[in-house]
Amino acid sequence: MTRFHLYIDSADIDALQACLPHPVVYGVTTNPTLLLRAGVSRAALPALLHRALRLGARQVQAQVQSADADGMRADALALLAAFEPGQLVVKIPATREGLRAGAELSAEGVPVTYTAVYAEEQAHFAAQLGAAYAAPYLGRLEDAGIDGLALVARMQALVAQSGSGTRLLVASVRSRAAYQALLALGVGAITVPPALFAEILDHPATSAAQRGFLADADRLPLSS
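Residues numbered from 1 in each chain as written. Predicted model: local features only at pLDDT ≥ 70, side-chain atom pairs only at ≥ 80, totals over all residues. Heavy atoms only, no water.

Draft legend 1. Structural view of the layout of surface pockets. Taken as a whole, the largest pocket spans an internal volume of roughly 510 Å³. Together, 25 residues line the largest pocket, and Asp-9, Asn-31, Leu-34, Arg-37 and Arg-140 are the ones closest to its centre. Of all elements in the fold, only α2 (32-38) and β5 (112-117) reach the threshold of two or more residues within the lining of the largest pocket. Considering each element in turn, the lining of the largest pocket owes the most residues, 5 residues, to α2. If you add up the space inside the second largest pocket, you get close to 160 Å³. Residue lining of the second largest pocket: Arg-42, Leu-45, Pro-46, Gln-63, Val-64, Gln-65, Ala-74, Asp-75, Ala-78 and Leu-79, and that is the complete set. (1 Å grid on protein atoms, 1.4 Å probe; cavity = no way out; pocket = protein on both sides within 12 Å on 5 of 7 lines; lining within 4 Å. Points joined across faces, edges and corners; volume = space filled by probe spheres on them. Helix = DSSP H or I, 4+ residues; strand = E, 2+ residues; numbered from the N terminus.)

Following this line, the structure appears as structure tokens:
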């Protein structure tokens, strides 16, 4: 498998501008809830995603908004029409209908993320169907009283055993400790909110050390 993918999970353009461009960020993920929170309409979604690409995201992800397989496929094709191949990953809930729609799209070479993955078998199905990603929600699993990290570890083992190239894209990551624990599990991708990105990127001790070095650099004589 190629290198780890870090995504920013947001539809707020101001928040995205604060994170991008940066070489550690691979892309941007969105969903209807994030769009609603940011006040982004369906018609404005392609423009938002293109803005993210111009800001430096290498890939963007957007979700279908239908419940049946035919509608999901139509949603996906409408979204894809505005992008070059590989720029957009289509997010599809890991429902019975979603697996049907996603399998057809994957067979046509469309990168698919199965989202709202809550069970090991869903991650297994995603790998069997050739998905680019399977997205479990760590925080939401823990909210439901489930040991989210243990479940993600089992999902990761199943995906790795499949040999398919499917990555876990872990979402609903709420703390630096959770991010570190996921890295230790070897997951292939994580998506984080902008506030957590700042926390994991800007370590206060490193910033303090830099201030000290810069202060001492100012005191250095210009010549011997």
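The discussion continues.
Draft legend 2. Molecular detail of the side chain of Gln-63. On the secondary structure map, Gln-63 appears in strand β3 (residues 59-63). Note on Gln-63: relative accessible area 14%, which makes it buried. Excluding its chain neighbours within four sequence positions, the residues that come into contact with Gln-63 are Asn-31, Pro-32, Leu-79, Lys-91, Pro-93 and Thr-115. (Buried < 20%, exposed > 50% of the residue type's maximum accessible area, 1.4 Å probe, protein only. Contact = heavy atoms within 4.5 Å.)

Draft legend 3. Up close: the pairing of strand β4 (residues 88-93). Burial analysis of β4 places 6 of its 6 residues in the buried class, which makes it a mostly covered element. Going residue by residue along β4, you find Leu-88, Val-90 and Ile-92 tucked away on one face and Val-89, Lys-91 and Pro-93 tucked away on the opposite face as well. In this region the chain leaves β3, passes through helix α4 (residues 69-80) and returns to the parallel neighbour β4; the handedness of that crossover is right-handed. Where β4 meets β5, 4 bridges bridge the pair, whose relative direction is parallel. Pairing of Ile-92 across the sheet is with Tyr-114, part of β5. The handedness of the β4 to β5 crossover, carried by helix α5 (residues 96-107), is right-handed. (Right-handed = clockwise from strand over helix to strand, strands pointing away. Pairing = 2+ DSSP bridges.)

Draft legend 4. Examining the packing of aromatic side chains more closely. Tallied over the entire structure, the rule returns 3 aromatic pairs. Plain terms: the ring middles of Tyr-7 and Tyr-26 are 5.7 Å apart, the flat faces sit at 75 degrees to each other, and that makes the pair edge-to-face. With Tyr-7 in strand β1 (residues 5-9) and Tyr-26 in the loop between α1 (13-19) and β2 (27-29), this pair connects stretches of sequence that are 19 residues apart. Like Tyr-26, Tyr-7 is buried. Grouping aromatic residues by their ring pairs yields a cluster made of Tyr-7, Tyr-26 and Tyr-133. (Phe/Tyr/Trp six-rings, centres within 6.5 Å; stacked < 30°, edge-to-face > 60°.)

Draft legend 5. Looking closely at the packing of helix α6 (residues 120-128) against helix α8 (residues 148-162). Running from amino to carboxyl end, α6 crosses α8 at an angle of 25 degrees, the nearest separation of the two axes being 9 Å. The orientation of α6 relative to α8 falls into the category roughly parallel. When the axes of α6 and α8 are compared, the crossing they make is right-handed. On α8, the residues touching Glu-120, Ala-123, His-124, Ala-127 and Gln-128 of α6 are Leu-151, Arg-154, Met-155, Leu-158, Val-159 and Ser-162. (Axes fitted to C-alpha atoms, helices over the stretch in contact; angles between N-to-C directions. Parallel < 35°, antiparallel > 145°, perpendicular 65-115°, else oblique. Left-handed = near helix turned anticlockwise from the far one by under 90°.)

Draft legend 6. How the structure looks around the packing of α4 against α5. Taken N-terminus to C-terminus, the directions of α4 and α5 make an angle of 45 degrees; their axes are 8 Å apart at the nearest point. Here α4 is positioned oblique relative to α5, judged by the angle of their axes. For the pair α4 and α5, the crossing hand works out as right-handed. Each of Ala-69, Met-72, Arg-73, Ala-76 and Leu-77 in α4 lies in contact with α5, whose residues at this interface are Glu-97, Gly-98, Arg-100, Ala-101, Glu-104 and Leu-105. Along the lines of polarity and charge, the residues of the contact of α4 with α5 split into 6 nonpolar, 1 polar and 4 charged. (Nonpolar A, V, L, I, M, F, W, Y, C, P; charged D, E, K, R; others polar.)

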